[in-house]
Amino acid sequence: MEFEKLYAVTIRYYDIGAITEYTVIKDTPKMYTVQKTDSHGWKTEYAVKKSSMEVYDYHFCKSYAEALEYKIAMLESRIESNERSIAEMTAKNASYRAIIDKTDAELRQLYKGVK
């Protein structure tokens, strides 16, 4: 008997974008129970809600092609977010630099009066 497969895309932190194949061992109207066996024989099992298709650090897809599409979209979204953050931090750094320059000028004025 051939079992249905789901593909988990790692969505956070370590190994982002990695795709792992899981076997569906139980399919109910609201949930999949999936399992994989690693090279050492250890079994990992998750209950995946069909409404979110996410568990911990994984997003599950019904096909490998869908997993690849999700991976691309997720990483593009992360890049956009990072670029926004970089622009915001650059603007903040410019304002901090202006404050430092103003404070440095004030400090120089104080030192001129001391000598």
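Procedures and definitions
- Residues numbered from 1 in each chain as written.
- Predicted model: local features only at pLDDT ≥ 70, side-chain atom pairs only at ≥ 80, totals over all residues.
- Heavy atoms only, no water.
- Pairing = 2+ DSSP bridges.
- Helix = DSSP H or I, 4+ residues; strand = E, 2+ residues; numbered from the N terminus.
- Patch = residues over 30% accessible without salt bridge, like charges linked within 9 Å, V, L, I, M, F, W, Y side chains within 5 Å.
- Areas by Shrake-Rupley, 256 points an atom, 1.4 Å probe, with all protein chains shown as cover.
- Salt bridge = Lys/Arg side-chain N within 4 Å of Asp/Glu carboxyl O.
- Phe/Tyr/Trp six-rings, centres within 6.5 Å; stacked < 30°, edge-to-face > 60°.
- Buried < 20%, exposed > 50% of the residue type's maximum accessible area, 1.4 Å probe, protein only.
- Lys NZ or Arg CZ within 6 Å of the ring centre and 35° of its normal.
- Polar contact = N/O pair within 3.5 Å; in protein donor to acceptor, adjacent residues only side chain to side chain.
- Contact = heavy atoms within 4.5 Å.
- Core = buried A, V, L, I, M, F, W, Y, C linked by side-chain atoms within 4.5 Å.

Student: For this particular structure, what's the right way to read the pairing of strand E3 (residues 31-37)?
Tutor: Strand residues, when the strand is regular, have side chains that alternate between the two faces of the sheet. Sheet analysis places strand E2 (residues 19-27) next to E3, joined by 4 bridges and oriented antiparallel. Pairing of Val 24 across the sheet is with Val 34, part of E3. The antiparallel hairpin formed by E2 and E3 contains 3 residues in its connecting segment. With 7 bridges joining them, E3 and strand E4 (residues 43-49) adopt antiparallel strand pairing. Looking at E4, one finds that Tyr 32 is bridged to Val 48. Taking the residues between adjacent antiparallel strands as the criterion, E3 and E4 are bridged by 5 residues, where Gly 41 takes a positive phi near 90°.

Student: Sorry if this is basic, but what is going on with a nonpolar patch on the surface here?
Tutor: Taken together, the side chains of Leu 107, Leu 110 and Tyr 111 make up a nonpolar region of the molecular surface, amounting to roughly 310 Å² of accessible area. With respect to the helices and strands, the residue Tyr 111 is situated in helix H1 (residues 64-114).

Student: Is there a simple way to explain the packing of aromatic side chains in this structure?
Tutor: Pairs of aromatic rings are described using the distance from one ring centre to the other and the angle between the two planes. Under the counting rule described, the total for this entry stands at 7 aromatic pairs. When the centroid spacing of 5.3 Å and the interplanar angle of 70° are considered together, the rings of Tyr 22 and Phe 60 count as edge-to-face. Highlighted residues: Tyr 22 in strand E2 and Phe 60 in strand E6 (residues 58-61), separated in sequence by 38 residues. Like Tyr 22, the residue Phe 60 is buried in the burial classification. Here the aromatic residues Tyr 22, Tyr 46, Tyr 56, Tyr 58 and Phe 60 are joined through ring pairs into a cluster of three or more. The ring of Tyr 32 is capped by Lys 50, whose NZ or CZ atom sits 4.6 Å from the centre of that ring.

Student: Is there a simple way to think about the side chain of Thr 23 in this case?
Tutor: By the secondary structure assignment, Thr 23 is in strand E2. Of note is the side chain of Thr 23, whose polar atom sits 3.1 Å from the side chain of Lys 5. Setting aside residues no more than four positions away along its own chain, Thr 23 makes contact with Phe 3, Glu 4, Lys 5, Thr 33, Val 34 and Gln 35.

Student: Please clarify how the pairing of strand E1 (residues 5-10) should be interpreted in this entry.
Tutor: The buried fraction of E1 is high, at 5 of 6 residues. As paired elements, E1 and E2 share 5 bridges and run antiparallel to each other. Looking at E2, one finds that Tyr 7 is bridged to Glu 21. Two elements, E1 and E6, share 4 bridges in a ladder whose sense is antiparallel. The residue bridging Val 9 from the neighbouring strand is His 59, located in E6.

Student: What exactly am I supposed to notice about the nonpolar core here?
Tutor: Generally speaking, soluble globular proteins have nonpolar side chains that are buried together. Formed by Leu 6, Ala 8, Tyr 22, Val 24, Tyr 32, Val 34, Tyr 46, Val 48, Met 53, Val 55, Tyr 58 and Phe 60, the largest nonpolar core amounts to 12 residues. Only E1, E2, E3, E4 and E6 provide two or more residues apiece to this core. For Met 53, the contacting residues outside a window of four places in its chain are Leu 6, Tyr 32, Val 48, Tyr 58, His 59, Phe 60, Cys 61 and Lys 62. The next biggest cluster of nonpolar side chains, apart from the first, holds 6 residues, and it includes Tyr 7, Cys 61, Ala 67 and Met 74.

These values are about where atoms sit, not about what they do.
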